[in-house]
Amino acid sequence: MELRDIQKIENEVEQVQRIYEVFDENRRLNRSKAARVEFLTTTWYIERYLKPGDRILDVGAGAGEYSLYFARKGYDVCALELAENNIKAFRAKLTPEDHIDVAQGNAMDLSRYADNSFDAVLLFGPLYHLHEEEDKQRCIAEAKRVCKAGGKIFFAFISNDFVILTEFSYRPDYFMVGEYNKETFKLDDFPFVFHTVDECRRILREGGVRVLHEVASDGISELMEGQINAMDEESYQQYLRYHFYICEKPEFLGMTNHLLFVGEN
């Protein structure tokens, strides 16, 4: 099935299932040096707040990249994912030593988990797909419910304004024929839902989230993919130091495909 056919599907759950039959989430975070920047940045921020014995809920766990990483570091991890293709890829990577509770489910309904039962909650996918404000707030409310008081919730968004430039890097005619409003520069919310930095702030503020960090989690890495992937290891490590130096600077915050907001419950 092609994307134009998926766009016609009205049921949002079914639409998400089909999107991940087209997009290979299993390789997204580990296919190259450039792609790895988002993962390295995100795990660095999460680990700043973890302590031994913490419980983590990975909502929208994808193919399990974060769940496996933290479980193999000794944390108690539960994972929830909607798309069957992602769950299949996730389960294929599990070994007998991996003790992760993997379940299929919707981020707007975390009823299988008790109140105040996790030290950290990861939302690294759900807000890519929820179109309605009510659904976004329901997702945030559920994450807050299952997170302990003082626990941390990590939110990922896809950046509206910078994705336009990365699309332009692939399609020279994008500014004339791309799928966005030519007056407001709002991207069409398909196959993902896109947010500006200010929209992210508003959504979390309305959800009662106290934001600790606003992070450009992958920065310019996709736009400069060729150059970054060609780096030797020493150069790449220096690039990562530069990325961490600028990733919270307000003047660079919008220069990223993915945004990470760290909140305290």
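Parameters and conventions
Residues numbered from 1 in each chain as written. Predicted model: local features only at pLDDT ≥ 70, side-chain atom pairs only at ≥ 80, totals over all residues. Heavy atoms only, no water. Helix = DSSP H or I, 4+ residues; strand = E, 2+ residues; numbered from the N terminus. Rg over C-alpha atoms; globule rule 2.2 N^0.38 Å. Buried < 20%, exposed > 50% of the residue type's maximum accessible area, 1.4 Å probe, protein only. Contact = heavy atoms within 4.5 Å. Areas by Shrake-Rupley, 256 points an atom, 1.4 Å probe, with all protein chains shown as cover. Lys, Arg positive; Asp, Glu negative; His and termini not counted. Charge placed at Lys NZ, Arg CZ, Asp CG, Glu CD. Phe/Tyr/Trp six-rings, centres within 6.5 Å; stacked < 30°, edge-to-face > 60°. Lys NZ or Arg CZ within 6 Å of the ring centre and 35° of its normal. Axes fitted to C-alpha atoms, helices over the stretch in contact; angles between N-to-C directions. Parallel < 35°, antiparallel > 145°, perpendicular 65-115°, else oblique. Left-handed = near helix turned anticlockwise from the far one by under 90°. Polar contact = N/O pair within 3.5 Å; in protein donor to acceptor, adjacent residues only side chain to side chain. Nonpolar A, V, L, I, M, F, W, Y, C, P; charged D, E, K, R; others polar. Arc of directions from axis to C-beta. Core = buried A, V, L, I, M, F, W, Y, C linked by side-chain atoms within 4.5 Å.

With that settled, the discussion passes to the overall build of the chain. Per the secondary structure count, the chain includes 12 helices and 8 strands. Expected size for 265 residues packed as a compact globule is a radius of gyration near 18 Å; at 18 Å, the chain falls within 12% of this value. Expressed along its principal axes, the backbone C-alpha trace of the chain runs to roughly 50 × 50 × 35 Å. Out of the 265 residues in the chain, the part that is buried amounts to 50%. Contacts spanning at least 24 positions in sequence make up 74% of the contacts within the chain whose residues lie at least 6 apart. In the form shown here, the chain has an accessible surface area of approximately 12800 Å², with 51% of it arising from carbon and sulfur atoms. If you average the places of the 32 positive and of the 47 negative side-chain charges in the chain, the two averages end up 4 Å apart.

Moving on: the environment of Leu80. Topologically, Leu80 is positioned in strand β2 (residues 76-81). Accessibility expressed as a relative area gives 2% for Leu80, which makes it buried. With 23 residues separating them in the primary sequence, Leu80 and Leu57 have C-alpha atoms 7.7 Å apart. When residues no more than four places from it in sequence are discounted, the contact partners of Leu80 are Asp58, Val59, Gly60, Ala61, Ala103, Gln104, Gly105, Asn106, Ala107, Leu110, Arg112 and Tyr113.

As enumerated under the stated definition, the model contains 17 aromatic pairs in all. Seen in terms of ring centroids, Phe175 and Tyr180 are 6.5 Å apart; in terms of plane orientation they differ by 80°. Their pairing is edge-to-face. Looking at Tyr180, the relative accessible area reads 6%, which means it is buried. Grouping aromatic residues by their ring pairs yields a cluster made of Phe39, Tyr66, Tyr69, Phe70, Tyr75 and Phe124. The ring of Phe118 has Arg55 sitting right over it, with the charged end atom 4.4 Å from the ring centre. Positioned above the aromatic ring of Tyr180, the side-chain terminus of Lys182 is 4.4 Å from the ring centre.

Turning next to the packing of helix α7 (residues 133-146) against helix α10 (residues 197-206). Following both chains from N to C, one finds α7 and α10 inclined at 60°, their axes separated by 9 Å at the closest point. Comparing their axes, α10 and α7 come out oblique. Handedness of the crossing formed by α7 with α10: right-handed. Within the contact between the two elements, α7 uses Glu133, Lys136, Gln137 and Ile140 and α10 uses Arg202, Ile203, Leu204 and Glu206.

This paragraph deals with the environment of Tyr245. Counting through the fold element by element, Tyr245 comes out in helix α12 (residues 233-246). For Tyr245 and Phe192, which are 53 residues apart along the polypeptide, the C-alpha to C-alpha distance reads 29 Å. Polar contacts involving the side chain of Tyr245 include one to the side chain of Lys249, which spans 2.9 Å.

Packed helices, taken two at a time, are described by their axes: the angle between them and the distance between them. Closest axis-to-axis distance for the helix α4 (residues 33-47)/α12 pair is 11 Å, and the angle between their directions is 50°. In terms of orientation, α4 and α12 fall into the oblique class. In this structure, α4 meets α12 at a crossing whose hand is right-handed. Counting all contacts with α4, which are made through Lys33, Arg36, Val37, Leu40, Thr41 and Trp44, the residues of α12 involved are Glu233, Tyr236, Tyr239, Leu240, His243 and Phe244. Residues of the contact of α4 with α12, tallied by class, amount to 7 nonpolar, 2 polar and 3 charged.

A separate point is α10. Those residues of α10 lying buried are Val197, Cys200, Ile203 and Leu204. For α10, the arc enclosing every buried residue in end-on projection is 125°, short of the 170-degree limit, so these residues lie on one face. Exposed and oriented more than 90 degrees from the buried face of α10 are Asp198 and Arg205. Tucked inside the fold, the buried residues of α10 contact α7, β5 (147-159), β6 (194-195), β7 (210-216) and β8 (258-264). Following α10 by one or two positions, Gly208 has its phi on the positive side, about 75°.

With that settled, the discussion passes to the nonpolar core. Ile56, Phe70, Ile100, Phe124 and Phe154 are the most contacted members of the largest nonpolar core, which has 42 residues in total. No other element matches the 4 residues that helix α5 (residues 65-71) contributes to this core. Among all residues touching Ile100, those that are not within four sequence positions of it are Ser67, Leu68, Ala71, Val77, Ala79, Phe90 and Leu94.

Geometric descriptors of this kind do not, in isolation, establish any biological role.
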